[in-house]
Amino acid sequence: VKLVLAIASVGIALGFLALVLLLPLVLVFHQALAKGLPGYWNAILEPDALSAAKLTLLAAAIAVPANLIFGMAAAWCIAKFEFRGKSVLITLIDLPFAVSPVISGMIFVLLFGAQGWFGEWLFEHDIKIIFAVPGIVLATTFVTAPFVARELIPLMQEQGTEEEEAAIVLGASG
């Protein structure tokens, strides 16, 4: 009876996996290749598709290093130091996990849109943020920023400060 239940459980899990993961993936490839390989390549080489790919790569090329720098700095501060505002910094790091991306987008529009808080000033100085590369990079960075810090904080806390203290005792500077 236990073996039958185990086999049934595995079967249900695999069925769910196939239904939720594999079926949509097969349908995407079926639709993409419906006109054959030449149709697929023609769709990829369309100017709009190439522009979208370039924009995605540009946004990633800017957001990833920014997240790396700020995520490492925030994780280092949180893991190694006690300071006023530490809980506020942790809250700001966790904010994108708690706020819907739709709400984040609305906040960016309210801040930087034509009728936003900074919209008039941005328009007067011919600075485009919303519906432009800076806005895309800002939104991407906001949504992905917590992942670096949240992965590094426990690692840095576990690492401890013994090596740093030994280096200071041996005469190393900050």
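Please refer to the structure higher up on the page.
Residues numbered from 1 in each chain as written. Predicted model: local features only at pLDDT ≥ 70, side-chain atom pairs only at ≥ 80, totals over all residues. Heavy atoms only, no water.

**Q** Describe the layout of surface pockets, naming the residues involved and giving the relevant values.
**A** Taken as a whole, the largest pocket encloses approximately 310 Å³ of empty space. Elements that contribute at least two residues to the lining of the largest pocket include exactly helix 3 (47-80), helix 4 (86-98) and helix 7 (133-159). Of the residues that constitute the lining of the largest pocket, the class distribution is 11 nonpolar, 3 polar and no charged. Estimated volume of the second largest pocket: approximately 200 Å³. Together, F112, G113, A114, G119, E120, L122, F123, D126, I127, K128, I129 and I130 line the second largest pocket. (1 Å grid on protein atoms, 1.4 Å probe; cavity = no way out; pocket = protein on both sides within 12 Å on 5 of 7 lines; lining within 4 Å. Points joined across faces, edges and corners; volume = space filled by probe spheres on them. Helix = DSSP H or I, 4+ residues; strand = E, 2+ residues; numbered from the N terminus. Nonpolar A, V, L, I, M, F, W, Y, C, P; charged D, E, K, R; others polar.)

**Q** How would you summarise the side chain of N67 if you had to cite specific residues and measurements?
**A** Summarising the element assignment, N67 is placed in helix 3. For N67, the contacting residues outside a window of four places in its chain are M72, T141, T144, A145 and V148. (Contact = heavy atoms within 4.5 Å.)

**Q** So, the packing of aromatic side chains: which residues are in play, and what are the values?
**A** Applying the stated criterion across every chain yields a total of 5 aromatic pairs. With a centroid separation of 5.2 Å and an interplanar angle of 85 degrees, the aromatic rings of F97 and F147 are classed as edge-to-face. Of the two residues, F97 sits in helix 4 while F147 sits in helix 7, which places them 50 residues apart along the sequence. Look at F147 and you get partly exposed, because its relative accessible area is 48%. Taking 5.8 Å as the distance between ring centres and 85 degrees as the angle between the ring planes, the aromatic pair formed by F108 and F142 counts as edge-to-face. With F108 in helix 5 (residues 101-112) and F142 in helix 7, this residue pair connects regions lying 34 residues apart in the sequence. With relative accessibility at 25%, the residue F142 sits in the partly exposed group. (Phe/Tyr/Trp six-rings, centres within 6.5 Å; stacked < 30°, edge-to-face > 60°. Buried < 20%, exposed > 50% of the residue type's maximum accessible area, 1.4 Å probe, protein only.)

**Q** Which residues make up the packing of helix 4 against helix 7, and what values go with them?
**A** The interhelical angle for the contact between helix 4 and helix 7, taken along N-to-C directions, is 125 degrees, at an axis separation of 7 Å. Taken as axis vectors, helix 4 and helix 7 run oblique relative to one another. Considering the relative orientation of helix 4 and helix 7, their crossing is left-handed. Taken together, the residues of helix 7 that come into contact with helix 4 (itself represented by I90, I93, D94, L95, P96 and F97) are F142, V143, P146, F147, A149 and R150. (Axes fitted to C-alpha atoms, helices over the stretch in contact; angles between N-to-C directions. Parallel < 35°, antiparallel > 145°, perpendicular 65-115°, else oblique. Left-handed = near helix turned anticlockwise from the far one by under 90°.)

**Q** Could you give me a rundown of helix 4, with the residues and numbers involved?
**A** Here helix 4 spans 18 Å end to end across 13 residues, near enough to the 18 Å set by a 1.5 Å rise per residue. At L92, helix 4 is deflected by roughly 30 degrees, the largest bend along its length, and proline P96 occurs up to four residues later in sequence. What helix 4 keeps buried is the set K86, I93 and P96. Summarising the contacts, the buried residues of helix 4 are in contact with helix 3 and helix 7. (Expected span 1.5 Å × (residues − 1). Bend = angle between axes of the 7 residues up to and from the residue.)

**Q** Please provide a residue-by-residue account of the nonpolar core, values included.
**A** The biggest cluster of nonpolar side chains holds 9 residues, and these are A74, A75, I78, A79, I93, A149, L152, I153 and M156. Looking at this core, the elements that each hand over two or more residues are helix 3 and helix 7. Not counting residues within four places of it along the chain, the set of residues in contact with A149 comprises G71, A75 and I93. In terms of nonpolar packing, the next biggest core, distinct from the first, is built from 5 residues, F108, F112, I129 and I130 among them. (Core = buried A, V, L, I, M, F, W, Y, C linked by side-chain atoms within 4.5 Å.)

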